[in-house]
Amino acid sequence: MTGRLRRFAIVAALALAAGTSGCGILPSRDDSEAQAALTRWADAVTAAGGQSAFVPVGDLTGQVGDWEEAVGSNNKMTLMAGLVEAAASLPAETPPDGQLRWQDGTTKTVRLISAQGALAGLKADATGSSCPECVPLQITGARLTSGPVDTSRGPAVAPVWEFTLQGTAVRVTRVAIADRVSVLPPPWDPNNAPVGISIESATGTVAGRQLTVAFTGAPDPGSQPCGSDYTAEAVESPTAIVVIVTEHPHSAFGEACLDVGARRTAEVELSAPLGERAVLEVKEGRPVAVTLTR
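Residues numbered from 1 in each chain as written. Predicted model: local features only at pLDDT ≥ 70, side-chain atom pairs only at ≥ 80, totals over all residues. Heavy atoms only, no water.

Next up on the list: the overall build of the protein. When helices and strands are counted, the protein shows 4 helices and 15 strands. Classification of the 294 residues of the protein by burial places 44% in the buried group. Taking the contacts inside the protein whose residues are at least 6 apart along the sequence as the reference set, 73% of them involve residues at least 24 apart. Summing over all exposed atoms, the protein offers an accessible surface of approximately 14900 Å²; the carbon and sulfur share of this is 54%. (Helix = DSSP H or I, 4+ residues; strand = E, 2+ residues; numbered from the N terminus. Buried < 20%, exposed > 50% of the residue type's maximum accessible area, 1.4 Å probe, protein only. Contact = heavy atoms within 4.5 Å. Areas by Shrake-Rupley, 256 points an atom, 1.4 Å probe, with all protein chains shown as cover.)

Below is the structure:
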């Protein structure tokens, strides 16, 4: 990774915010967290085989159907904790390459993993806390099929392993793609918790230098006598873009808004076209879904 990480402010938006915000422009936040996120991302891309690797957004484990009342209280927590066991022999052979297909018809050939590898990934990625009282789920079979997956380039249909379970009609799924970029956030430090506003999605074009990012924030001050304006900056590398959103409260006295959790957007100017780069939120450096427009 090159060390040339550059930061770009939206001057026009800052000037606008200065004229509309009661407390003026707040100082720009330090971008050290963003630079650290870019370094982690570059390392993850290299480990996954390069820039062309699959970039999922969110969990790779899913389910088909809803838990029945008799088993729901156990099975939901059990799956989150990764307490899943094979009660039958699962295929260990690696399937032939598969296809990842986006909504616009674009496809990508991807290497796949075995059912055993998918189960190992499911257990390794479990995000739930330990559940000593849970009864492990028992897998009775597996088949390779296809299912929805969220990616850094929007929704797609991917090869997935579908597992049948003992005692329920629900099937558990796991994306079957081998080469994927997976980045771990830094260890949680309560004395130095990450700050900033996490973006949730972005919209742009491959050849464009402007992104529209969406996030949850205070209401637009134009709609009521409170709220905030927002500006955004980009910290860039050859493999990713971290977006920093800065809040500019409408009032210096911090008026409370009855409407909280408003859907807001901000424009971000890039130093180079988006290309194949991932867009990352600033708190943990995780990728967000990017909708590509023509």
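Turning next to the state of the cysteines. Taken as a whole, this structure holds 1 disulfide when the rule is applied. With a sulfur-sulfur separation of 1.8 Å, Cys131 is cross-linked through a disulfide to Cys134. Residues Cys131 and Cys134 are joined through a disulfide that is right-handed, its torsion about the S-S bond being 60°. Note on Cys131: relative accessible area 7%, which makes it buried. (Disulfide = S-S within 2.5 Å.)

Turning next to the side chain of Thr151. Within the fold, Thr151 resides in strand β6 (residues 137-151). Only 3.0 Å separates the side chain of Thr151 from the side chain of Trp102, close enough to count as a polar contact. Within the structure, the side chain of Thr151 is placed 3.0 Å from the backbone nitrogen of Arg153, a separation counted as a polar contact. Look past the residues within four positions of Thr151 in its chain and what remains in contact with it is Phe54, Val55, Pro56, Val57, Trp102, Ala156, Ala289 and Val290. (Polar contact = N/O pair within 3.5 Å; in protein donor to acceptor, adjacent residues only side chain to side chain.)

Below, the discussion takes up the pattern of salt bridges. A side chain of one charge can pair with a side chain of the opposite charge if their charged atoms are brought near each other. Applying the stated rule across the entire model yields 8 salt bridges. Between Asp125 and Arg174 there is a salt bridge, with the nearest N and O atoms lying 2.6 Å from each other. In this pair, Asp125 is assigned in the loop between α4 (115-124) and β6 and Arg174 in strand β8 (residues 171-175), connecting sequence segments 49 residues apart. A salt bridge links Glu236 to Arg277; the nearest nitrogen and oxygen atoms lie 3.0 Å apart. Of the two residues, Glu236 sits in strand β11 (residues 228-236) while Arg277 sits in the loop between β13 (262-269) and β14 (278-281), which places them 41 residues apart along the sequence. (Salt bridge = Lys/Arg side-chain N within 4 Å of Asp/Glu carboxyl O.)

Judged by pairing direction, the sheet is mixed, and its 4 strands sit side by side in the order β13-β10-β9-β15 without closing on themselves. Each end of this open sheet is capped by a strand with a single partner; those strands are β13 and β15 (289-292). Averaged over neighbouring strand pairs, the angle between their axes works out to 25° when direction is ignored. Where strand β10 (residues 210-217) lies against β13, 8 bridges are found, and the strand directions are antiparallel. Looking at the pairing, Gln210 lines up with Glu269 of β13. (Pairing = 2+ DSSP bridges. Axes fitted to C-alpha atoms, helices over the stretch in contact; angles between N-to-C directions.)

Segments scoring low in pLDDT should not have their predicted coordinates read at a detailed level. This prediction gives the protein a mean pLDDT of 85; 85% of its residues lie at or above 70. Mean pLDDT across the elements of the protein ranges from a minimum in helix α1 (residues 11-20), with 34, to a maximum in β8, with 97. Counting contacts from residues 1-29, a segment whose pLDDT is below 50, to residues more than four positions away or on other chains yields 65 contacts. (pLDDT = per-residue confidence, 0-100.)

So, about the nonpolar core. Across soluble globular proteins, nonpolar side chains have a tendency to be buried as a group. Membership of the largest hydrophobic core comes to 20 residues, with the highest contact counts inside it found for Val213, Val243, Val245, Val268 and Val279. Elements with a contribution of two residues or more to this core: β10, β11, β12 (240-249) and β13. Setting aside anything within four residues of it in sequence, one finds Val213 in contact with Ile199, Ser201, Ala202, Val243, Arg264, Thr265, Ala266 and Val268. Judged by nonpolar contacts, the second largest core, of 18 residues, contains Trp41, Ala53, Ala240 and Ala278. (Core = buried A, V, L, I, M, F, W, Y, C linked by side-chain atoms within 4.5 Å.)

With that settled, the discussion passes to the environment of Leu137. Mapped onto the elements of the fold, Leu137 is located in strand β6. Linking Leu137 and Lys76, residues 61 residues apart in sequence, is a C-alpha distance of 9.9 Å. The contacts of Leu137, once residues within four sequence positions are left out, are Trp67, Asn75, Thr78, Leu79, Leu83, Val84, Glu85 and Leu165.

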